[in-house]
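Breakdown of the fold
Chain by chain, the residues:
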Amino acid sequence: MSFTTESTSNLFTLDSSTHLVDAVLTTTALFKRLSVDDQLAILWYLYTEMGRSITPAATGAARLQLAEGILNQIKQMPYTQQLEVMRDLAANRNTQISRSYGIWSANTKLAFWYELSELMVKGLVVPMPPSYKPSRDVVQVLEAIKQLDFGQQITVLRNAVVDMGVDPLAD
């Protein structure tokens, strides 16, 4: 799926309070249309580029101890399996880890991805390939996110991670 400059350029020209909500909803929708691997690339970028700012916003209210067991499990896996876990979460595949993730609060989910990105930087979790080149769609979504203010960016990030995994309590 491709996003055109025309399809995203007018998202940020309105000046009403409705625009703020529309920009977040539209950017979230663009993110959710990406492939699973492109979604993971966006998360990687956001957490590595915005990480210092996200940390207090996400982890301060999170119950990260709920995620520590899953993070420790992931660290023990080979890189191929770690990547598969991340793909399972983003694709809403029904796995044990996805079900555990599905019951966490939004803040715990934000903190989980932040911690995962930190483990990637340290080489304890599969890193982004050094040869990775973002697709045109990834670049366009990133540009849309950059147009948002920090609060809106956090909301898009929250919207992105909150629907990942599988809620075992849902009907």
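A quick note: this is a predicted structure, and the numbers were derived from the prediction, not measured.

**Comments concerning the overall build of the protein chain**
On a plain count of helices and strands, the protein chain comes out with nine helices and zero strands. Its helices and strands in sequence order give the protein chain the pattern α-α-α-α-α-α-α-α-α, from N to C terminus. Out of the 171 residues belonging to the protein chain, those deemed buried represent 43%. When contacts within the protein chain are restricted to residue pairs at least 6 apart in sequence, long-range pairs at least 24 apart make up 79% of them. A total of about 9,000 Å² of accessible surface is found on the protein chain, and carbon and sulfur atoms cover 52% of it.

**Comments concerning the pattern of salt bridges**
A complete count under the given rule lists six salt bridges for this structure. A salt bridge links Asp88 to Arg93; the shortest N-O distance between them is 2.8 Å. What makes Asp88 buried here is its relative accessible area of 12%. When the shortest N-O distance is used, the salt bridge between Glu143 and Lys146 registers 3.5 Å.

**Notes on the packing of helix H4 (residues 65-76) against helix H7 (residues 106-121)**
Running from N to C, H4 and H7 cross one another at 30°; their axes reach a closest spacing of 10 Å. One element, H4, and the other, H7, form an angle in the roughly parallel class. Judged by the twist between their axes, the crossing of H4 over H7 is right-handed. Residues Leu66, Ala67, Ile70, Leu71, Ile74 and Lys75 of H4 form the contact with H7, whose own contacting residues are Thr108, Phe112, Glu115, Leu116 and Leu119. Considering only residue class, the contact of H4 with H7 consists of eight nonpolar, one polar and two charged.

**A word on the confidence of the model for the protein chain**
Residues of the protein chain with pLDDT of at least 70 account for 79%, and the chain-wide mean is 83. Helix H1 (residues 5-9) is the least confidently modelled element of the protein chain, averaging 46 in pLDDT, while helix H5 (residues 79-90) averages 97, the highest of any element.

**Observations concerning the nonpolar core**
Looking at soluble globular proteins, one finds that nonpolar side chains tend to be buried together. Membership of the largest hydrophobic core comes to 46 residues, with the highest contact counts inside it found for Ile42, Leu43, Phe112 and Trp113. Taken together, the elements giving at least two residues each to this core come down to helix H2 (17-33), helix H3 (36-59), H4, H5, helix H6 (96-102), H7, helix H8 (136-146) and helix H9 (150-162). It is H7 that contributes the most residues to this core, eight residues altogether. In this view, Ile42 contacts Phe31, Leu34, Val138, Val141, Leu142 and Ile145; residues no more than four positions away in its chain are not counted.

**A short note on unusual backbone geometry**
What is expected of a backbone is that most residues other than glycine have negative phi and most peptide bonds are trans. Here Asn92, not a glycine, exhibits a phi torsion of approximately 60°, which is positive. With respect to the secondary-structure elements, Asn92 resides in the loop between H5 and H6.

**Some thoughts on the packing of aromatic side chains**
For the coordinates displayed, the defined rule picks out five aromatic pairs. Residues Tyr101 and Phe112 carry aromatic rings whose centres are separated by 5.6 Å and whose planes lie at 70° to one another, so their mutual orientation is edge-to-face. Taken together, the residues Tyr101 in helix H6 and Phe112 in helix H7 connect sequence positions eleven residues apart. Considered together, Tyr101 and Phe112 belong to a single accessibility category, that of buried residues. Ring geometry for Phe112 versus Trp113: centroids 5.5 Å apart, planes at 85°, classification edge-to-face. Each member of the pair, Phe112 as well as Trp113, carries the same accessibility label: buried. Aromatic rings pair up to connect Tyr101, Trp104, Phe112 and Trp113 into one cluster.

What counts and how
Sequence order as written defines the numbering, with residues in each chain counted from 1. In keeping with the predicted nature of the model, local features appear solely for residues at pLDDT of at least 70, side-chain atom pairs appear and are counted solely at 80 or more, and the whole-chain, interface and lining totals rest on all residues. Excluded from the side-chain calculations are hydrogens and water; all other atoms, namely the structure's heavy atoms, are used. Secondary structure elements are taken from DSSP: a helix is a run of H or I of four residues or more, a strand is a run of E of two residues or more, and numbering for both begins at the N terminus. Classification of residues uses two cut-offs on accessible area relative to the type maximum, computed with a 1.4 Å probe and protein chains only: under 20% is buried, over 50% is exposed, and between them is partly exposed. Residues are treated as being in contact if the distance between any of their heavy atoms lies within 4.5 Å. Residue-level accessible areas treat just the shown protein chains as cover; the underlying method is Shrake-Rupley with a 1.4 Å probe. The salt bridge definition used is simple: a Lys or Arg side-chain nitrogen within 4 Å of an Asp or Glu carboxyl oxygen. To obtain each axis, a line is fitted to C-alpha atoms, and for helices this fit is confined to the stretch in contact; angles are then taken between N-to-C directions over 0 to 180 degrees. Between 65 and 115 degrees an angle is taken as roughly perpendicular, under 35 as roughly parallel, over 145 as roughly antiparallel, and anywhere else as oblique. The crossing is said to be left-handed when, going from far helix to near helix, the turn is anticlockwise and less than a right angle, and right-handed when the turn is clockwise. Following the grouping adopted for this structure description, the nonpolar residues are Ala, Val, Leu, Ile, Met, Phe, Trp, Tyr, Cys and Pro, the charged ones are Asp, Glu, Lys and Arg, and the polar ones are all others, Gly among them. Each residue carries a pLDDT score, the predictor's own confidence in it, on a scale running from 0 to 100. For the purposes of this section, nonpolar cores are sets of buried Ala, Val, Leu, Ile, Met, Phe, Trp, Tyr and Cys residues that join through side-chain atoms within 4.5 Å. In this scheme Phe, Tyr and Trp rings, the latter by its six-membered ring, pair at centre separations within 6.5 Å, and the angle between planes marks the pair as stacked below 30 degrees, edge-to-face above 60, and tilted otherwise.

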